[in-house]
Amino acid sequence: RLGLFTLLFGLALVAAEQGYEGYRIYEVTPTNAAQGKLLHGLSQQGYDFLSLSRLVGHPSRVIVSPAQLSSFEELLKEQLISNRLLNDNLGATIAMEFAQRQLQRRLSPITGKGRLSTDRYYTHEEITNYIDDLAARYPERVYVKTVGWSYEKRIIKTITITNGDRRPNKKVIFMDGTFHAREWISPAAVLYVIDQLAEQFDQNADLLKDYDWVILPVVNPDGYEHTQKGTLARIFRKTRQPYKYLGQTCYGADPNRNFDFHWNEEGASSTPCVDTYAGPKPFSEPETVVVRDLMHSLADRGVMYLTIHSFGNYLLYPWGWTNDLPETWMDLDEVAKAGGDAIEAATGTVYAVGSSTNVLYIAAGASDDYAFYAGFNISITMELSGGGITGFDPPASKIDEFVTETWIGIRAMAEKVIEKY
Ligand code: ARG
Ligand code: ZN
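Residues numbered from 1 in each chain as written. Chains lettered and ligands numbered in written order. Predicted model: local features only at pLDDT ≥ 70, side-chain atom pairs only at ≥ 80, totals over all residues.

### Some thoughts on the site of ligand 1
Part 1: What surrounds ligand 1 is the set Asn256, His309, Leu316, Gly320, Ser356, Leu360, Ala363, Ala366, Asp368, Asp369, Thr381 and Glu383.
Part 2: A class-by-class count of the residues in the shell around ligand 1 yields 4 nonpolar, 5 polar and 3 charged. (Near = placed C-beta within 6 Å. Nonpolar A, V, L, I, M, F, W, Y, C, P; charged D, E, K, R; others polar.)

The following block contains the structure:
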């Protein structure tokens, strides 16, 4: 599938890796279905969408390179697409956000032990140390297990939280975070869930009576660490295994396109330099192998799989590879709606609920479809609130608000699952 178009597209992406000087971000909002379709078409033609929705009235964000600018602006005018210039120099803004973060980090060094605060983001190493410390402090209720290593040989651990009754073969809620490197609010939200279940056990014992929670906070530690290395790397999405393409090296596959269920079908790319690269084969990435093996090892006890992404405020369920709905879609919808309703009632934030393909976009080879196929009754991708200019960079001052809001939704979904299964 190599053509001139792919070649030009590849080169444009390589250029993008060099920096974002003069790149702009537009918010575009389709006012009818045809416009929604048009935006989706742009995403297949080399436009880098930071968020993309096919819902009328739902804003999407797109990066526009200096080379794309004139044709993009023409298109907006011609098609009368409602739009807003959010940023006129992405390079400068990312640099500024980076500098602010460095400052914040110096102001609040972590103590290393005890409860984590929600006023900053943590590194993979800090998160790993934290869950180890939790297991040491609550040995009767909390276990940490090494489940694998990333491509760059970072350790990947799960934390299992129980109520300590040691009943074997309890039902399981399996949750993970940080598939995508740049989605920093994801590990923050997962850490907050861990905090609630482990440290605030007394208030949440109902969620652990018949269920164990198995939690993998950072699926993609290499990518996550990479996004902390500098301004250019901040919006990196994928894993870090290098792939050669047209004499260049591009890094990573999209872990959420790498699962062996309708692998590399719609909404995934065969081009290594593209953000939705499915990988050279299913499960080419050690990180997705880890998640797959966990899913299979938990499948007969696994009732709900929850994967935390950002951003856009969605609660998505299968399928993501087709616009058909699974037979049990009403169960999925009931659980997801319980989460969305609880959040809206408590904070006013509105989550869009539906199947991935129908509400967001078609994307095959993702973990939610795989978990559902592997036997989890309920499988949900949660796309949290966005912040910062790209949406992936909520200021540290927003973390607390976003993670507590997320917890309200997760708690409500867990309650619903416990009641139903
Ligand atoms: N933002 C996520 C991604 O692009 C959404 C995945 C939704 N699930 C799906 N099976 N398409 O990876
Ligand atoms: Zn994501």
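Continuing now.
### Points about the confidence of the model for the protein
Part 1: On average, residues of the protein score 92 in pLDDT, and 93% of them reach the 70 mark or higher.
Part 2: Contacts from residues 10–17, a stretch scored under 50 in pLDDT, to residues over four places away or in other chains number 12 contacts.
Part 3: For this predicted complex, the interface score ipTM comes out at 0.98, while the overall pTM is 0.91. (pLDDT = per-residue confidence, 0-100. Contact = placed C-beta atoms within 7 Å.)

### Here's the deal with the sheet that holds strand β1 (residues 24–29)
Pairing between the strands of a sheet comes from backbone hydrogen bonds, and it takes one of two forms, parallel or antiparallel.
Part 1: If you trace the 4 strands from one edge of the open sheet to the other, you get β2-β3-β1-β4, paired in antiparallel fashion. Since the sheet does not close on itself, it has two edges, and those belong to β2 (48–51) and β4 (82–87), each with one partner. Pairs of neighbouring strands in the sheet enclose a mean axial angle of 30°, with direction left out of account.
Part 2: Here β1 runs beside strand β3 (residues 60–64); their pairing, made up of 5 bridges, is antiparallel. Within β3, the position partnered with Arg24 by the bridge is Val64. (Pairing = 2+ DSSP bridges. Helix = DSSP H or I, 4+ residues; strand = E, 2+ residues; numbered from the N terminus. Axes fitted to C-alpha atoms, helices over the stretch in contact; angles between N-to-C directions.)

### What to know about the UniProt feature "active site" (unreviewed entry) in the protein
Part 1: The UniProt entry lists Glu383 under the feature "active site" (unreviewed entry), expressed in the numbering used here.
Part 2: Looking at the element boundaries, Glu383 is found in strand β14 (residues 378–384).
Part 3: Sequence-distant contacts of Glu383, that is, excluding residues within four places in its chain, are made with His309, Ser310, Phe311, Gly312, Asn313, Tyr314 and Leu316. (UniProt positions renumbered as here; feature names shortened; annotations may be inferred.)

### Points about the UniProt feature "domain: Peptidase M14" (unreviewed entry) in the protein
Part 1: Within the UniProt annotation, "domain: Peptidase M14" (unreviewed entry) is assigned to residues 120–417.
Part 2: Regarding residues 120–417, the helix share stands at 35% and the strand share at 20%, and the terminal C-alpha atoms are separated by 31 Å.

### Points about the packing of helix α10 (residues 329–347) against helix α13 (residues 396–420)
Part 1: Viewed as axis vectors pointing N to C, α10 and α13 meet at an angle of 140°, and their least axial separation amounts to 8 Å. Of the two elements, α10 crosses α13, and the hand of that crossing is right-handed. Of the residues in α13, those touching α10 at Asp331, Glu334, Val335, Ala338, Gly339, Gly340, Ala342, Ile343, Ala346 and Thr347 are Glu405, Ile408, Gly409, Ile410, Ala412, Met413, Lys416, Val417 and Lys420.
Part 2: For the contact of α10 with α13, the residue count by class is 10 nonpolar, 4 polar and 5 charged. (Left-handed = near helix turned anticlockwise from the far one by under 90°.)

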